[in-house]
Each structure stands twice: as structure tokens, then as C-alpha cells.
Number of protein chains: 2
Amino acid sequence: MNKMERAARAVDPYEIGLDRNDANFAVLSPLVFLARAAHVYPDRPSVVYGDERYTWRETYTRCHRLASALQRRGLGRNDTVSVIASNIPAMMEAHFGVPMSGAVLNTINTRLDAEAIAFILDHAEAKLLLVAAEFLEVVQRAVALSVTKPPLVLIDDGSGVENRGLPDYEAFLAEGDPAFAWALPDDEWRAIALSYTSGTTGNPKGVVTHHRGAYLNAVGNALAWQMPAHPRYLWTLPLFHCNGWCFPWTLAMLAGTAVCLRRVSAAAIYEAIETEAVDHFCAAPTVLTFLINAKPTDKRTLPRPVRVMTAGAPPAAPVIAAMEAEGFAITHVYGLTETYGPAVVCAWKEEWDAFEPEARARQKSRQGVTYPVQHGLAVMDPTTMTPVEPDGETLGEVMMRGNIVMKGYFKNPSATAEAFSGGWFHTGDIGVMHPDGYIQLKDRSKDVIISGGENISSIEVEDILYRHPLVQEVAVVARPDTTWGETPCAFVTLKEGASLTEAELVAWARDNMARFKAPKTVVFGPLPKTSTGKIQKFQLREQAKALT
Amino acid sequence: MNKMERAARAVDPYEIGLDRNDANFAVLSPLVFLARAAHVYPDRPSVVYGDERYTWRETYTRCHRLASALQRRGLGRNDTVSVIASNIPAMMEAHFGVPMSGAVLNTINTRLDAEAIAFILDHAEAKLLLVAAEFLEVVQRAVALSVTKPPLVLIDDGSGVENRGLPDYEAFLAEGDPAFAWALPDDEWRAIALSYTSGTTGNPKGVVTHHRGAYLNAVGNALAWQMPAHPRYLWTLPLFHCNGWCFPWTLAMLAGTAVCLRRVSAAAIYEAIETEAVDHFCAAPTVLTFLINAKPTDKRTLPRPVRVMTAGAPPAAPVIAAMEAEGFAITHVYGLTETYGPAVVCAWKEEWDAFEPEARARQKSRQGVTYPVQHGLAVMDPTTMTPVEPDGETLGEVMMRGNIVMKGYFKNPSATAEAFSGGWFHTGDIGVMHPDGYIQLKDRSKDVIISGGENISSIEVEDILYRHPLVQEVAVVARPDTTWGETPCAFVTLKEGASLTEAELVAWARDNMARFKAPKTVVFGPLPKTSTGKIQKFQLREQAKALT
């Protein structure tokens, strides 16, 4: 039968009687990983927080109760349930219990002020707010400012803050049915979470993600990081940040253990590695910096290799080299809230093992290639939407497409359309494509310094300054200049007890990089950071401008 | 805003402006894994077959050519392209190149006779048939018998069979464009493969699978087996069998190496482990049996642990124990062609490591729990569709549901409806649910022996007979009996040089199991097997009947 004959036939045999049904189709949702962990490994530890210890069976029961209690309050599909808490067990539970009720989880950055929280509660149309006691004061102010005024449920986080007569999280769970018949969403495209990006200007945007993407990125984390069964994973990365990069769901899939930590410090990390047998954690490069610069009394020799996934800003090569020398095995990933967290990984090649330590670290500081579950990654000219030359030099905007790209921005069709223009998600990050197909970030588009018509990557300048033995942390931004338009201005934190002058560092920089790239100005002092450890360059740009 | 207020609102904000587009949605298809392997690891070995060696870049180019050559012949979406070949590189290529053209891959069992092949070619409406030279003769007879009479393309497999003037596979590839612009299917539910089950009675049924399921099971293999990057995987399992359990796609995802073997033997397996550094393979339990019973001159000490995934029949506990003693690490899985290959895994628990070897092997001979990517697994009464007691004793039919269940049977709506009745896929396998939620197969429904009203699991009897030191291989079937209805009849192959009488084995059996379960009849000799190494119990049942 040829094509014409087939066209003449009433129906294509591959298209009849082979439809979806309950036997051969299920929506993709990361909630199934919790059910499986509780079924297969009911007695394995799920969540550990000081003396509080849960098994996967217990976590599943508590999530049933949470989902049931939410439904009893009339909450269900597409209702926003907000949470403000640090990395405590209730935060892990919220990642399952809230979507098990059909509702959408909105985790809120704990460092925001009352005004910003109020904006989010109103924009998200929050129907309920779970709040950890330590944040009660700012949250009550936020609720007072908000129009929505969601009811609160208070989580006792051990911070010692008094209850003020609010409903208690444990009592709320007790209301819920431990055998609640929860259901998967009817469509894998349904929203699972709403996360507001900490925009540096203007109001934050609400990133809406779905069950399908959360499932796939949970899988992607395990594949890209080659995670074994039952990892013992330390929460240093805030769980409120982009749903902890989907790791709550990855941990359920692998029946691992989430080791919670309310306050992250070098001493606490080293201690957890020893006492809780931690073997995996995720952290921003600034966390790595404070680990390698920790006081000797806070440090411990690693009892086993500890695998660290880092992202959030391109880690400086010297930071990677120093970590690896201590026995941490670094995997470098890249992503945004809009991509469910990491969506790009510096996939390692065996032949790089033979490189000198610095060359290896340089290789590792590249962002890399797509997660196996992402579809497309390109560096393009955003106006023509054509890929730049893969020469490792030509700058372009990093673009992504695929299943681990958000549904869009909540109630913001114009921002959504702009972000997806041309059928790709525009990251706003500037990078290059190397000849081997690995991308490397060079800057946020707004962070590029244009001096005398030349584009200078602030990251490249920072990378070199990090090699100075007395430098602990550095950030480079543009300083307005009447002659050059802009010049690089470096903000530098020196190592404890170190002393260095501006002239000395500028001279060293000129000896170590192209002269036009060397900072003309150096300011010493601590660097302002976001709650997720990102250096707040917009503040530094303001400072640099004020210097003029 | 409460529910009523929201209902009154024109639209739910989670349901507007957040639709699928090219940036945030891509169909799930395992073809993307090949593209990624070629992009990230272009120079790593993809396929090895004697002196023939390919890299992932080369394999990708050859698959482009294959897809392009097929399209130039007018073949595309929903056209069936059949292949008959053993585990040679062209078989790996067909798993990518055929679906890259949009066509559906139909791999045909190489052990079938001309009549059976002709039936499949006609039923599948094959538009083209790739045939490896060693099968040319039977295939030409089959084509002569068929109505469809698809054109042939001959693959030189090194078997020395002459070409007979047919188009050559390499020349066919040379016709194709190495830069062919292939496209993913427009829907992840599109058919990717059509595999005929080797039904023991009646005509075979054509199992249609889709891109989504193939993608998810490729991922599931890596997760369930905890595979590392770059496995060196030996093809002992026939690639024609259920698409090699989706491992062609898993290997691309992990940028591993497929080590091809046209003829499987104990000597060839041990040699490949040594010379090709093989660290993973899949095999039926009969392959394990011939490995442990191989001549000492064929064996080699394993240079490293070799991981073996086994399925196809429940392996006898003593076989597992013997393999592990040699350094093979066994993972036991279970599935059917209808479930893309393995969909259930005996997920291991650390506490079982402390068990005595025999108890460990017994634990491992259970089929287990769902793959992380499958949705449901149950043992049910097929008439009431209610789960049996999870007591490890009550027999029921094993049922599955989820994304790695086939679309259905090709052009067979009644068989499809029957297989999916009640919203579950009926496996036809009889098993029990243990209290810990692990299933264990007790028999194919037709293999259960009913003696004096008691159900006897033939597998349970086999398991015990395997413990006899002189027994190499055993299969137990029902023999009609005027008094008891049926009695167990054992077909036994003894170890080389061993001697044992029927009376001796029957007496030993009565000492080692419930008397009514012990075989009343023993027949010594080789066991008939399918091409995939499954013992053909239907033949033995005929023999047992003839004994009456």
C-alpha cells in the first residue's frame, strides 16, 4: 500500500484503538515519588532536623494530613498556599502536601521585607500562609499591609518565638486525615508552584511551574549528578529558592535523607557532614567561599568525599580548585527560577582529569550543556535569533527551550511573551558558545561593562582577581566614566588579617590581564548579598555611580 | 476571594496566558538522547562490533543517513519499517534512524520460521525490510509467502552469506543525507515501535509503543539500575526482543558503549568482559545458567564487578547465589513486551546484605516494586479487580498501569480491550503480594498446576529442584492425572557427567517440599527454548500430556 492508497483508506491503523486510558497513561507528577518512597522504603529516614527525625512512611502520612487539612479549609486546585520558613521539615512537607491537595505552593524568600511580602501575598492571591515562628513579626506586618490578608498557620521551628495565639501547624496536621484519598492532577500541565524572582528592579515576577516539569527536573537532577540511591543530602540551598532546585522531589525519588539546617554556617556544614553522614549538598559559590575560608577550628577533615552542586553565579576557578583540594567534588550547574533550577550542567569528560588543577577548574567553571531532560540550549543574537559563532568569544544571549522551562509569569502575559519571544526562553544572561558545544556565561546582560566601545565581561575580570592570594571575594561592576563611558570597578573583601592597597591591586591586575579590562577603581569592604548568597551587583553599581 | 467568588470570576489566573509554546514544551522522545550524546560526547565510542567501531558522532551521522534514505523512499510517519538482524551495529542504528524518519520500527524475532515472518510482514504492513545476511534465506521465503512483499535492504553482518544482488545497507545509507533535518514527532503519543509477542498459541499480537513511554523507560532503566555515565554494555539480550528493553535509548542517554555480539556463548561473554571492559549486561536466567555451568576453559576471573540485569523468568535462587559468588552483581527485574521491557525491579535494601547467601538470593528472586517511572503495580483477583491480601501466599493476577504500558495491540481492538479491562494491564502472570509490598511471580496463569484441588506454583517446585547439586536446569509443568486432575512433572537437564535416576530425584524432592508438590514424574534431557532463552513450557506440556 503506498501513500496515496493509505490516504484513500479511511483510517491509519496506528491511529485507531490505541488511545490513552487508565491502564496506559498517567500524568507525570513528582508526587508519585513520595508514594513510592513510602511504599518501598517506609522505614528509611526521610527528614532529619536536630532531634526531629522522620521516616518516609511518616512524611507521607504527615503530607496526607496536610493535604487533607487544606481541603477541609476549602482549598484545592489552583488555590495558592504560601509558605515562609527556612529549611525545616515543614518546608519539605509543603512540597508534597500542598500539591497533594491540588493547591499551588508559593514559597516566599525569608529575607524580604514586609512590603515585598505583602506584594507577593496579594499578587499570588494567597489563601493561606504557613509561617515559621522566626518570621512571624515581619509576616504579621506584611499581612497587615496586604489586601488579601490570608489566614496564618504557625510552624514551631525551635526559634523560641512565641505563638501569639495563632493556629499551630501540628494542630493543623492533626485536623487532617492520615488516610486522605489524594489524587494526582488531571493534567500534568497543572501548576505545582509559584515562585517570585527577586527582581533587582521593579516588582518581582511570579514564575509558574507545572507537575510535568517538576517531575522531569527531579529526574534530571539525579541523571545529571549521577546520584546514587539514598543520598544523605544537606539543605544549605534555601528550600524557598526555586523549590530547592526540585531536590525535595529528587530526594523522594531516590529515598534519600534531607538533613535540615535552619542556619547555614561553615561550622554547621562541617558538623553535619560528620554527624549526619552528609554526602551531597547544593550551594551558591559564596557558600563555597566561606567554607574554604572558614576558621580552622570550624573545619573538619572530610570523612568521605562530599559531592557539591553549585550554581547561582559562575564560581571562580580558584574557588573550585580550593574546594576540590579539600575533598569536595564539585559539579557545576546553571539555571534560573524560570527553568526549575538547574537545567545546564558542566558534563565532565574523563580526558579533563589529566589537566593541571587550574586548567581543570577553568574547564569546570563553564556552565556546559543541557540537562538530559531539557531540550535546547543556544547562545544567540537576541534580535536576529541566530546562534553566535561557537568560537568561545562571540557574546550572545543564552536561550533555552524544553520541558523544564516555566509555564510563564503569573498574571503577566506581556512579560511571558517577552521571555518566550521567538520560541525560546531568554535568560538575560550573556555568554559564549565554545567550539565543543559547551556554553560559558560572561555576564548578565546588564552586568557587561562597555569601556571605550569594548565589551568587558565582569566575570572574566573577577576570575583573574580571585587568583590574587589575599583576595577572598570580589565583584566587578561598571563605573560611569566621562572618557571611556564606563570602566571596571572592583569591590573586594580581603582575607582575614590581609592588607593590600588599591594601587597594589590595580598594578597586579594590569600585569595579569588586558590593560583595558583591569579595574581602574578598587573599593575594599564586605559585599552585599541576596538571601540566596548572590552578590547584589545592583547595589554595587549604585555605589560605583556615587563614587563619580 | 473564596471559591464562589472565583467561580464568578471570568477566568482562573492559573489558566490564562500560561499555555504550551515552542519555548516551554517539547515532546518526550528518546531520539533526543542520541542528539545529546553526539553533541556532548562526539568522540566517545558508541557501538563496537569486532573491528567495527563507531563514535556517537558517527552513529548520529549514520542515523541521519538512514532516516533520510527512508524518507527518499517515501517512508515516513506511521509507515512500518521491519528489521531482522542479530545484535549488530545496524540494529542499534535502526532504533534511532527509523523513528527519526517518522516511521515505526518493527524488529522481528530471528528464530521465527518463514510462515511466522510472513504473517508479521503482512499484519504490520511492512514497507521495507532491513535484513542481516545470515537470515536472508528464510526471509526470502517469507517474502515470497507474504502479500505485502516489502523491498529488502541487505545488511552485511560478516556471516559470509552472499548478497544475491540486493541493495546493500551501506549503499542505502550512502544515499541518505548526513545533515538530514529530522524532526521529533508532533505528539509524544506517536508510535515508535511495533513488536510481536511470541505467543505460544494463535497468531502473535503486535505491541505498539510510543515515544513518551520509550523515553520514560530509557530513564527508568538508568534510575532503577543506578547506572553510571558511560556504561560498557554487552548485548546478550536480543535487540529484537522488546527493543532490547529500551537499552539502545538508555545507552545514548548515558553516552555508553554498546558492545555487539552476533552469537552469544559463555566464552564470548567472558571474553568481552575482559577485552571490551564490559561492566553491564542483560540476560535471561538461562544465560546465567550456562554462564555458571560453562567449561572452566571458557571462564575467566572477572577483572571488575560486572552488573547483570536479569528477567524473562524468575531466576532460581541457587542460580542467583552462584552468579554472585563469581562476582556478578545481579539486579532482578520483571516486565513484558507490553511494558517496554522491565517495569518492576527488586529494589534492594541494605538490611538484606546481612542475610545468609541463600536468604539473600531468595529475597532477590522476588520481582519487587514498580520502576520509578511506572505508576501502578498490583496483584488482583481479575474478576473482582480487588487486590489480594498482601500475605505472600494468596495468588492473584499481576496488573500494571502507567506510562510504560503499551498503546495497545496493532489492529486488534478486542485483545487491547481485554488486556486493559478495568483500567489495568492484565499481565497474565500469577503472583503474590508480600507484606512489604514486593510482588513475587508464582506462574503464568496457564502454568499453575492444580493437583487434588490444590494450586501448585511450578516455579516454587523448580526453585527447590534447582538446589539439588546435580541439577543444571529444570522446568515443571502439569501432567494430566485421572486421580488428581494434574500432577507436577519435572523436565530436568543434569550437569555434565552427572547421573541420577528418576526415583532418586523424586525421593529427594519429597524430602525437600510438601509431598503434594513434589513431582511424580521426571524426564531427563535438554529443554526446548525460545530465541530469548525462555523455556518453552507449552512444548513440555505437550510432552507431559503424551506421557499419559
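Residues numbered from 1 in each chain as written. Chains lettered and ligands numbered in written order. Predicted model: local features only at pLDDT ≥ 70, side-chain atom pairs only at ≥ 80, totals over all residues.

Colleague: Honestly, the overall build of chain A in this entry has me stumped. Any pointers?
Modeller: Within chain A, the secondary structure is distributed over 18 helices and 26 strands. For chain A, the C-alpha radius of gyration of 24 Å lies close to 24 Å, the compact-globule estimate for 548 residues. For chain A, the C-alpha atoms occupy an extent of roughly 75 × 70 × 50 Å along the three principal directions. Within chain A, buried positions represent 56% of all 548 residues. Considering only residue pairs separated by 6 or more positions, chain A has 69% of its internal contacts joining residues 24 or more positions apart. (Helix = DSSP H or I, 4+ residues; strand = E, 2+ residues; numbered from the N terminus. Rg over C-alpha atoms; globule rule 2.2 N^0.38 Å. Buried ≥ 20, exposed ≤ 12 C-beta atoms within 10 Å, placed from the backbone. Contact = placed C-beta atoms within 7 Å.)

Colleague: Teacher, can you tell me more about the sheet that holds strand 16 (residues 376–381) of chain B here?
Modeller: In any sheet, the strands associate via hydrogen bonds between backbone groups, in a parallel or an antiparallel arrangement. Residue and element names in this part refer to chain B. Here we have 5 strands laid out as an open sheet, ordered 17-16-18-20-21, and antiparallel in their pairing. Where the open sheet ends on each side, the last strands, each with one partner, are strand 17 (386–387) and strand 21 (439–444). Where strand 16 meets strand 18 (residues 396–401), 5 bridges bridge the pair, whose relative direction is antiparallel. When the bridges of strand 18 are listed, L377 appears paired with M400. (Pairing = 2+ DSSP bridges.)

Colleague: Help me understand the sheet that holds strand 13 (residues 328–336) of chain B, please; the structure alone is not making it clear to me.
Modeller: Residues and elements named next belong to chain B. Reading across from one edge, 2-1-10-9-11-12-13-14-15 is the order of the 9 strands in this open sheet, with mixed pairing throughout. At either margin of the open sheet sits one strand with a lone partner, and together these are strand 2 (52–55) and strand 15 (369–370). Where strand 11 (residues 280–283) meets strand 12 (residues 306–310), 4 bridges bridge the pair, whose relative direction is parallel. Bridging across to strand 12, C282 finds its partner in M309. Lying on the sheet, helix 3 (residues 56–72) is in contact with strand 1 (45–49) and strand 2; it crosses strand 2 at an angle near 90°. (Axes fitted to C-alpha atoms, helices over the stretch in contact; angles between N-to-C directions.)

Colleague: Can you help me understand helix 12 (residues 285–292) of chain A in this one?
Modeller: Structural remark: α-helix, 3.6 residues per turn; residues separated by three or four positions point the same way. All names here are of chain A. When you tally the buried positions in helix 12, you get 6 out of 8 residues, the bulk of the element. Within helix 12, the full set of buried residues consists of P285, T286, V287, L288, T289 and L291. Packed against the buried residues of helix 12 are helix 11 (266–275), strand 11 (280–283), strand 12 (306–310), helix 13 (317–326) and strand 24 (471–481).

Colleague: Is there a simple way to explain unusual backbone geometry in this structure?
Modeller: Glycine aside, residues mostly have negative phi angles, and peptide bonds mostly take the trans form. A positive phi is found at K411 of chain A, a non-glycine position, where the angle reads about 50°. Here K411 of chain A lies in the loop between strand 19 (408–409) and helix 15 (413–419). The exposure class of K411 of chain A is partly exposed, given the 18 C-beta atoms found within 10 Å. Backbone geometry at K149 of chain B places phi at a positive 45°, although glycine is not the residue there. Residue K149 of chain B is classed as partly exposed on the basis of its 15 C-beta neighbours within 10 Å.

Colleague: I tried to follow the interface of chain A and chain B on my own but got confused; where do I start?
Modeller: Reports of interface size often rely on the accessible area that becomes lost once the parts have come together. Tallying the contact residues gives 52 residues for chain A and 53 residues for chain B. At 5 residues, the largest contribution of residues to the side of chain A that touches chain B is made by helix 2 (residues 31–40) of chain A. Classifying every residue of the side of chain A that touches chain B by side-chain character gives 29 nonpolar, 15 polar and 8 charged. (Nonpolar A, V, L, I, M, F, W, Y, C, P; charged D, E, K, R; others polar.)

Colleague: Got a minute to help me understand the pairing of strand 14 (residues 341–345) of chain B in this structure?
Modeller: Each regular strand shows side chains that alternate between the opposite faces of the sheet. Residue and element names in this part refer to chain B. Counting buried positions over the 5 residues of strand 14 gives 5, a clear majority of the element. Of the strand pairs in this sheet, strand 13 and strand 14 are connected by 4 bridges, and their pairing is antiparallel. The residue of strand 14 that forms the bridge with Y334 is V344. Where strand 13 folds back on strand 14, the antiparallel hairpin that results is connected by 4 residues, among which Y340 adopts a positive phi of roughly 65°. Two elements, strand 14 and strand 15, share 2 bridges in a ladder whose sense is antiparallel. From the neighbouring strand, V345 faces strand 15, where its bridge partner is V369.

Colleague: Just checking my understanding: could you explain the packing of helix 5 (residues 114–124) of chain A against helix 6 (residues 136–145) of chain A for this structure?
Modeller: Two measures define how a pair of helices packs: the angle their axes make with one another and the distance between the axes. All names here are of chain A. The geometry of helix 5 relative to helix 6 is characterised by a closest axis approach of 8 Å and an angle of 55° between their N-to-C directions. Relative to helix 6, the element helix 5 is oriented oblique. As helix 5 runs across helix 6, the sense of the crossing is right-handed. Here A114, E115, I117, A118 and L121 of helix 5 come into contact with helix 6, specifically with V138, V139, R141, A142 and L145. Along the lines of polarity and charge, the residues of the contact of helix 5 with helix 6 split into 8 nonpolar, no polar and 2 charged. (Parallel < 35°, antiparallel > 145°, perpendicular 65-115°, else oblique. Left-handed = near helix turned anticlockwise from the far one by under 90°.)

Colleague: Explanation requested: the domain arrangement of chain A in the structure shown.
Modeller: Each assigned domain of chain A is listed with its residue range as follows: domain 1 (53–172 + 187–223) and domain 2 (448–548). In this structure, domain 1 of chain A and domain 2 of chain A have C-alpha centres spaced 38 Å apart. (Domains from an automatic or database assignment.)

Colleague: Which parts of the structure should I look at to understand the environment of N78 of chain A?
Modeller: Relative to the helices and strands, N78 of chain A resides in the loop between helix 3 (56–72) and strand 3 (80–84). Residue N78 of chain A is classed as partly exposed on the basis of its 17 C-beta neighbours within 10 Å. A C-alpha to C-alpha distance of 30 Å links N78 of chain A and C282 of chain A, two positions 204 residues apart in sequence. Beyond its immediate sequence surroundings of up to four residues, N78 of chain A is in contact with V104 and A191 of chain A together with D12 and Y14 of chain B.

Colleague: Would you mind showing me how to read the packing of helix 12 (residues 285–292) of chain B against helix 13 (residues 317–326) of chain B here?
Modeller: All names here are of chain B. Between helix 12 and helix 13, the least distance of the axes is 10 Å, while the angle of their chain directions is 55°. Taken as axis vectors, helix 12 and helix 13 run oblique relative to one another. Note that helix 12 runs across helix 13; the crossing there is left-handed. Where helix 12 approaches helix 13, its residues P285, L288, T289 and I292 are matched on the opposing element by V319, A322, M323 and E326. Tallied by class, the residues present in the contact of helix 12 with helix 13 amount to 6 nonpolar, 1 polar and 1 charged.

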